[in-house]
Amino acid sequence: MNSKKNECIACTVQQCMYHCTNENYCSLDRIQVGTHEANPKMEQCTDCMSFRCK
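Since the structure is predicted, the reported quantities are computational estimates derived from the model, not experimental observations.

Draft legend 1. Structural detail: the overall build of the chain. Looking only at helices and strands, the chain has zero helices and four strands in total. Put simply, the chain runs from its N terminus to its C terminus through helices and strands in the order β-β-β-β. By its C-alpha atoms, the chain is 35 × 20 × 15 Å across when sized along the principal axes. A total of 54 residues make up the chain; the buried ones form 22% of that total. A separation of at least 24 residues holds for 20% of the contacts in the chain among residues at least 6 apart in sequence. Summed over all atoms, the accessible surface of the chain reaches about 4,400 Å², with 50% contributed by carbon and sulfur. Taking the average place of the 6 positive charges on the side chains of the chain and the average place of its 6 negative ones, the gap between the two points comes to 5 Å.

What counts and what doesn't
Residues numbered from 1 in each chain as written. Predicted model: local features only at pLDDT ≥ 70, side-chain atom pairs only at ≥ 80, totals over all residues. Heavy atoms only, no water. Helix = DSSP H or I, 4+ residues; strand = E, 2+ residues; numbered from the N terminus. Buried < 20%, exposed > 50% of the residue type's maximum accessible area, 1.4 Å probe, protein only. Contact = heavy atoms within 4.5 Å. Areas by Shrake-Rupley, 256 points an atom, 1.4 Å probe, with all protein chains shown as cover. Lys, Arg positive; Asp, Glu negative; His and termini not counted. Charge placed at Lys NZ, Arg CZ, Asp CG, Glu CD.

Okay, structure coming up:
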C-alpha cells in the first residue's frame, strides 16, 4: 500500500505496486517511459517501464 503520492505523476493503473491506494497518482519520484514499437506514432505505443505488478 503506497500513500506517498507524487502529484506530478498522475496514474490510474491500480494493479501497479507504485499506485497510490486512494488517489490516482504514482508514488515514485520519477518513472521511465518507453516504447514497444520501432517507430511509435500513437500514445498506445508507449509504456510505463516502471510498472511492477502488485
